[in-house]
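# Overview (structure and organization)
Here is what each chain is made of, one letter per residue.
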Amino acid sequence: MKQTKYTQKPKKVRKLAPLMTEEQKQNAGILDLSFDFACRITRLYQYLTEDSSDKEFVMSKQVYRSGTSIGANAREAKHAQSDADFLNKYSISYKEADETDYWLNLLHANGYLTDEAFNSLNRDMIRILKVLTAIIKKLKEKIKK
């Protein structure tokens, strides 16, 4: 069939990055955890804005920005110029994770996330917050010495 301006183009098929298993997450570092989480958040954003019949844009954009920023800031910390800079990058990553937790709770409370989807994302969010807390705590102790 010939494409005209009135016929729909076929939807692009995206190749999705494979997600980590629960076992892999238990042994993963913050960079891998945050990348996997960002992949999940990207898919959530796509679902909420494209695939859903009840499209949501404002909270979706917020959770997308903060959820993908966690890993970006953690990755930036690899190239920190000092311990203080390293701590700052991870502190920003922690703040972004906490903000993401807020948006996920808000999406869930307003019916955009099922209990199952929320619980799964929330488990990952709690894991990331715990790892970031441990990193920050350890670095603060190191800086004090």
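Residues numbered from 1 in each chain as written. Predicted model: local features only at pLDDT ≥ 70, side-chain atom pairs only at ≥ 80, totals over all residues. Heavy atoms only, no water.

## Re the overall build of the chain
Across its full length, the chain holds five helices and zero strands. Start at the N end of the chain and walk to the C end: the helices and strands fall as α-α-α-α-α. A separation threshold of at least 6 residues defines the contact pool for the chain, and within that pool the share at least 24 residues apart is 66%. As displayed, the chain has an accessible area near 9900 Å², and 52% of this comes from carbon and sulfur atoms. (Helix = DSSP H or I, 4+ residues; strand = E, 2+ residues; numbered from the N terminus. Contact = heavy atoms within 4.5 Å. Areas by Shrake-Rupley, 256 points an atom, 1.4 Å probe, with all protein chains shown as cover.)

## Concerning the side chain of Asn73
Secondary-structure assignment places Asn73 in helix H3 (residues 58–77). Once residues lying within four places of it in the same chain are set aside, the contact partners of Asn73 are Lys89, Ile92, Ser93 and Glu96.

## Thoughts on the environment of Arg127
Locating Arg127 in the fold gives a position in helix H5 (residues 115–144). For the pair Arg127 and Ser34, spaced 93 residues apart in the sequence, the C-alpha separation amounts to 9.9 Å. With near-sequence residues (within four places) excluded, Arg127 lies in contact with Glu22, Lys25, Gln26 and Leu33. Separated by 2.5 Å, the side chains of Arg127 and Glu22 make a polar contact. (Polar contact = N/O pair within 3.5 Å; in protein donor to acceptor, adjacent residues only side chain to side chain.)

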